[in-house]
Amino acid sequence: MVRLRIAYGVMEHFFETNGLRRRVLVVEDEFINREILGNILSEHYDVTFAENGQQAYEKLHERSARYSLVLLDLIMPVMDGFTLLEKLRESGELKNIPVIVMTSEESAEVKSIMLGAADFITKPYDMPEVILARCQRIIELYEDKSIIKGTERDDLTGLYTREFFFEYIRQLELYNANKSMDAVVLNIEHFRMINEMFGREVGDDVLRRTGQMLIKLFDDQACIGCRLEADSFYLYINHLEKYDGRFVGMQEELARLTKIPRIRFRIGIYQEVDKTVPAETWFDHAKLACDRIRGDYTRQISYYNREQNDKELYNERLINDIDGAINNKDLMVYFQPKYGIQGVEPRLRSAEALIRWKHPELGMISPGAFVPLFEGNGLIQKLDNYVWQEAAAQIKKWKDKYGFTVPVSVNVSRIDIYDPELENKLSDLLEKNEINAEDLMLEITESSYSESAEGLIEVVNNLRDKGFKIEMDDFGAGYSSLNMLTTIPIDVLKMDMIFIRNMHKDEKSMKLVELVIDIAKFLGVPLVAEGVEDETTLLELKEMGCDIIQGYYFSKPVPPEEFEVFIEEEKKKKEAAKC
C-alpha cells in the first residue's frame, strides 16, 4: 500500500499542476443542503447536483459523465437513496463509483453498507473539514482499489501478475506461517514455436485455456496462481503428498481444444517450502526442478531435491571459478610414474599428467567432481589446454635438469579432437618448450574411437605423422568392436583399471586380463595396466606379458618436485648401466 499511496500523491500533484479537478455528484432533495455541500466542496472539486435518485442515475449515465464520488441522501422523492444504491450495485461500471451516504439515522447505516455504501456523513453539515477529509479519503481508497484491480490480474488468463502474486503470498503468510505449502511451476515447452507455427492468437488461446485449467484443477485446494513471462505459471498451494494424478489428461485436453497435436507441460514442484527464505526462492527451486526435465519426454513432473540443488549450486560454483583457477594456478598438474616391468628390475618409462584443484575456499577438489562436469559442458577443452601447457613446460624443466627426457601422457578429450587448431596448438607447445612430439604422448579414450571413428582416425593419423604417440586409454570400458581395433591407429594400449581390480575375483576375470594383453601383442603395441597396487599383481602381469604398469604400488600422483625422486633413481640406474 505504501507504493500506492505514493502513486496517489503523484496523481494529486499532477491534478493540481494541470488545473484538473475531480467531479463529485451531490444527490440531495433539499436546496439548502445542496448549497451547503456545494460551498464546502467546490473549492476542491467540480460539483454537480441532483435532486433525487432518478435524476442522479441519469446524470451518472450521461456520455461525458466521469464521477470520482457520489454524496447520497437517503430520503428523497421519485427515487430514494436505497433504490439508487441497489441500481448502482447492479450496473457494470457504476458499481465502482464510491458512495458516501448522508443521513442522521444510525439505523440506516447497516442497510447502506449492505448495499455498497463506502462511508457516512452525519447531518447537519456543521463540520466542513470532516466532510472534506472523508471525501478525500474515500476517493483515495477507491482510486487505489481501481489501480489494484487494473494491475493485479493478467489480462489474458485472469491469474495474478507476478508482483501481486508474491505480495499476496507475503500477506497470506502473516496468518499461515505454520501451514505446509508447496510451490509449483508449470512451463509450456517450446511455446515460442506454437506462436510461430500457429500464430499469436492461437498461442494466446493456449495460455488462456491453460490458466483456466489450472484454476479448475485445484479448485478443491487453497491455491493462488500467476502467469509469469509468456509461458510459465506459478501456483502456491496447500501441501499435497502426490501430484502425479493431478495433471493427467491436461495436455491431451488442451491439444483437443486448441487443435494443436503436441503440447507438452513441464512441472517443477518444491514441496513443503522452507519459510525461512523469501517466497521468490521457493519458486526458483521449483523452476530448477522444472528445467531439469527440459527435453525429457519420459517425465512430466520433477520434484525439487535439496541435495541435488546443493550439488547443482556446487557445480555452478566450479564452472564460474575455472578461469580464476587457471589464472591463479589453483589447478595443479600432478604426475604418476609408469614403469616398464619386463626387464630385470622395473624402469621408469614415462608419466601421466593428472589434474588436481586446490580451491582457495573449498579446499582440495577431487577430479571426479569436476572433470566429468567439464566434459559434459565443453569446459574440458580449457582444462586440457592448461594441462598440456603445464606438462610440456615440466618436460622441458626435467630435460634441462637431468639431461634426459621423461615422456608425459596427457588426455585429449573428444571435444579437443574436433578443434581445427589442435595440431597447431600442440606444435606450438613443442616449439615453445623445445621438446619433441614423442615426449608428449596423447591419451584418447576408447569411447572417442567408437563414437565417431572415421573423423577421429583422420585426426589421429595426422598427429602420428607429426611424430606424436597415441595411447588408447580405458580400453575395455567402452564398446569398440574387435574388428575396429585392426583399423585404429594407436601406439600404446592402456587397459582400464577395472580389469586389474577384478582379476583375482575369479578365473573368468583373470582370463579377460590375459585376453587384453594378447590383443596388445596381436596389434604389436605395448600394454599399460593401470591400478596396480601390490607386488603379487605386478608379478602376475609380468608373467602374462604386460609391458608397463601404473598405480599405487609405485606411487600415487604427486607434485612435480616429488616426482623428481623417481627421475633421480632412474638417472642412477642409467649411470650404473654405463659402468
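Throughout what follows, the structure given in this document is the object of discussion.

Definitions and limits used
Residues numbered from 1 in each chain as written. Predicted model: local features only at pLDDT ≥ 70, side-chain atom pairs only at ≥ 80, totals over all residues. Heavy atoms only, no water. Helix = DSSP H or I, 4+ residues; strand = E, 2+ residues; numbered from the N terminus. Contact = heavy atoms within 4.5 Å. 1 Å grid on protein atoms, 1.4 Å probe; cavity = no way out; pocket = protein on both sides within 12 Å on 5 of 7 lines; lining within 4 Å. Points joined across faces, edges and corners; volume = space filled by probe spheres on them. Nonpolar A, V, L, I, M, F, W, Y, C, P; charged D, E, K, R; others polar. Expected span 1.5 Å × (residues − 1). Pairing = 2+ DSSP bridges. Axes fitted to C-alpha atoms, helices over the stretch in contact; angles between N-to-C directions.

Moving on to the side chain of Asn315. If you trace the backbone, Asn315 turns up in helix 12 (residues 306–327). Discounting residues that sit within four places of it in the chain, Asn315 has contacts with Ala369 and Leu373.

Summary: where empty space remains is shown by rolling a probe the size of a single water molecule over the atoms. The volume enclosed by the largest pocket comes to roughly 1,100 Å³. Along its surface, the largest pocket is lined by 45 residues, and Glu352, Leu354, Asp473, Asp474 and Glu530 are the ones closest to its centre. As a volume, the second largest pocket reaches approximately 580 Å³. Lining the second largest pocket are 22 residues; nearest its centre among them are Arg66, Tyr67, Asn96, Ile97 and Ser146. Secondary-structure elements contributing two or more residues to the lining of the second largest pocket are helix 1 (2–17) and helix 6 (128–151). In terms of residue count, the dominant contributor to the lining of the second largest pocket is helix 6 (six residues). Among the residues forming the lining of the second largest pocket, the class breakdown is 10 nonpolar, three polar and nine charged.

What follows covers helix 16 (residues 422–433). Over its 12 residues, helix 16 runs 17 Å from end to end, which matches the ideal 16 Å to within 8%, given 1.5 Å per residue. At the exit of helix 16 stands Glu434, carrying a positive phi of roughly 55°.

Our next topic: the sheet that holds strand 1 (residues 23–27). Reading across the sheet, the five strands line up as 2-1-3-4-5 and stay open at both edges, with parallel pairing between neighbours. Across the chains shown, the open sheet's two edge strands, defined by having one partner strand only, are strand 2 (46–50) and strand 5 (119–122). Here the strands of the sheet are splayed against their neighbours by 20° on average, with no regard to which way each runs. In terms of strand pairing, strand 1 meets strand 2 through five bridges, oriented parallel. In the strand pairing of strand 2, Leu25 is matched with Thr48. Sheet strands touched by helix 3 (residues 53–60): strand 1, strand 2 and strand 3 (69–73). Its angle to strand 2, the strand with the most contacts, is close to 135°. Across the sheet, helix 4 (residues 81–89) touches strand 3 and strand 4 (99–103), and the angle it forms with strand 3 is around 145°.

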